[in-house]
Amino acid sequence: MEFSKEEIEAIIADMPTPSRKMATVRWVDEIRPIEGADAIELVILGGWQVVVKKGEFFAGLPCVYLEIDSWVPTEIAPFLSKGHEPREYEGVKGERLKTIRLRKQLSQGLVLPLSVLGDKWDEFFTEGQDVSEILGVVKYEKPLPANMRGNARRYFPNFIQKTDQERVQNRLRTLEAREDDEEYELTLKLDGSSTTFYHYNGDTGVCSRNLELKTDESNVGNVFVDKFHELGISDKLKALGRNIAIQGELWGTGINGNWEKVDGIYFHVFDVFDCDRYCYLRADERYAIVNALGLAHAPILGSGTLASLGVGDLRIESFLAVADRPSIFNKIAEGVVFKSLKDPNFTFKVINNRFLEKGGDE
Ligand code: AMP
Ligand code: MN
């Protein structure tokens, strides 16, 4: 089936642009006291909880919520740099939000009063509205080390969707509206670096998270390009002849802290993107292609309804319990990813809080 240009644009506009919404307008769901603490309390927003100063927020109050891994400019939250010089990321002074624990309570992200939006606050008054841009908040991404950066051929090609997963904490409300009998594939989230191999109208290539890399001698020693050659991707994809992108995690020695502490570099597929239809393939189609190409798939932990996968109800704790498990070689997994079987564009990740607290980088 072919789509018209207009249809493709409509599909793209409709697709989730997950982690780009780092700062959103939200209504406080609940305030919870912290035992033995008189100066602080918990704000609950969707699946998130944040420790705040007591008395500044209350249930029903609109506020601005900044997710973990937000890069927060000093101007909007100078207190984050108390006691030290602000850090710098992409030319902006500020701080990165990480998972922390205060008085034994998990605290993830930052809640700010609506007044941080200035006198235009009433233009931003829709639940879930993205205010990242006007606040200058961006997603922090760890810069790639030298063996991973490489020479770019161009930006990430526009006929492929970038890999990204929405967090379950932001999906709870959507999940309530979906059918109970919807089935999901559950895979292990591997902690490495996102990699895309593609074939498009006779051309093949390899991309890191945000760039396509040259595959010539100038990139010998680059881990993405080396793997592309080692797996014989170009010939295999040309032989298959479909306009598709194989997306997976490259993990192991020298990559993102090597959480699994393994020797060697591995590639595991978690998605196959159909460039002609601009959508992800269903799990069964993906497995067939992975087999045909002789590649390895990310560990599949199960498939079925949420209940059958161990998520008994739609509370955040129920999802987090499933993510709190060992990975391949580490006692603590980074997390898990749920993908709807009938709607492969509906996916979300559940990051293990024990991974975040150990300082793991998603
Ligand atoms: P994050 O690392 O927090 O940006 O989460 C999204 C990323 O998880 C994707 O871009 C992938 O690179 C990575 N990932 C690792 N394992 C999986 C998996 N099983 N399914 C989907 N994405 C995965
Ligand atoms: Mn990651």
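Coordinates for the structure precede this section.
Presented here is a report on the structure given in the accompanying data block. Predicted, not measured: the structure shown is a model, and the values here were computed from it.

1. Overview of the pattern of salt bridges
Next, step 1: Inspection of every chain in the model, using the stated rule, returns 29 salt bridges.
Next, step 2: In this structure, Asp-203 engages Arg-153 in a salt bridge whose closest nitrogen and oxygen atoms are separated by 3.0 Å. Within this pair, whereas Asp-203 is found in strand 16 (residues 203–207), its partner Arg-153 is found in strand 13 (residues 152–155), the two being separated by 50 residues in sequence.
Next, step 3: According to the relative accessible area criterion, Asp-203 is partly exposed, its value standing at 28%.
Next, step 4: Given a relative accessible area of 39%, Arg-153 falls into the partly exposed group.

2. With respect to the site of ligand 1
Next, step 1: Taken together, 17 residues sit near ligand 1, with Thr-163, Lys-189, Arg-209, Glu-249 and Lys-349 positioned nearest.
Next, step 2: The contact in question runs from an oxygen atom of ligand 1 to an N or O atom on the side chain of Arg-209, over 2.9 Å.
Next, step 3: The contact in question runs from an oxygen atom of ligand 1 to an N or O atom on the side chain of Lys-349, over 2.3 Å.
Next, step 4: Protein contact buries 98% of the 490 Å² of open area that ligand 1 shows by itself.
Next, step 5: Ranked by residue count, the leading element in the shell around ligand 1 is strand 14 (residues 183–189), at three residues.
Next, step 6: Counted by class, the shell around ligand 1 contains five nonpolar, four polar and eight charged residues.

3. Regarding the sheet that holds strand 4 (residues 48–53)
Next, step 1: Spatially, the three strands line up as an open sheet ordered 2-3-4, and their pairing is antiparallel. One side of each edge strand has no neighbouring strand; the edge strands of this open sheet are strand 2 (30–33) and strand 4. Averaged over all adjacent pairs, the angle separating strand axes in this sheet is 30°, with direction ignored.
Next, step 2: Here strand 2 pairs with strand 3 (residues 40–45) via four bridges, running antiparallel. Note that in strand 3 the partner of Glu-30 across the bridge is Ile-44.

4. Some details on the packing of aromatic side chains
Next, step 1: Applying the stated criterion across every chain yields a total of 19 aromatic pairs.
Next, step 2: Considering the side-chain rings of Trp-71 and Tyr-89, the 5.4 Å spacing of their centres and the 50° angle between planes classify their relative orientation as tilted. Highlighted residues: Trp-71 in strand 6 (residues 70–73) and Tyr-89 in strand 7 (residues 87–89), separated in sequence by 18 residues. Note on accessibility: Trp-71 and Tyr-89 belong to one class, buried.
Next, step 3: Aromatic side chains Phe-159 and Tyr-200 sit 3.7 Å apart centroid to centroid with 10° between the ring planes, which places their arrangement in the stacked category. Within this pair, whereas Phe-159 is found in the loop between strand 13 and helix 4 (172–176), its partner Tyr-200 is found in strand 15 (residues 193–200), the two being separated by 41 residues in sequence.
Next, step 4: An aromatic cluster of three or more residues is present, and its members are Tyr-184, Phe-319, Phe-338, Phe-346 and Phe-348.
Next, step 5: Looking at Arg-178, its charged tip hangs above the ring of Phe-346, at a distance of 3.7 Å from the centre.

Cut-offs used in this document
Residues numbered from 1 in each chain as written. Chains lettered and ligands numbered in written order. Predicted model: local features only at pLDDT ≥ 70, side-chain atom pairs only at ≥ 80, totals over all residues. Heavy atoms only, no water. Salt bridge = Lys/Arg side-chain N within 4 Å of Asp/Glu carboxyl O. Helix = DSSP H or I, 4+ residues; strand = E, 2+ residues; numbered from the N terminus. Buried < 20%, exposed > 50% of the residue type's maximum accessible area, 1.4 Å probe, protein only. Near = heavy atom within 4 Å. Polar contact = N/O pair within 3.5 Å; in protein donor to acceptor, adjacent residues only side chain to side chain. Areas by Shrake-Rupley, 256 points an atom, 1.4 Å probe, with all protein chains shown as cover. Nonpolar A, V, L, I, M, F, W, Y, C, P; charged D, E, K, R; others polar. Pairing = 2+ DSSP bridges. Axes fitted to C-alpha atoms, helices over the stretch in contact; angles between N-to-C directions. Phe/Tyr/Trp six-rings, centres within 6.5 Å; stacked < 30°, edge-to-face > 60°. Lys NZ or Arg CZ within 6 Å of the ring centre and 35° of its normal.

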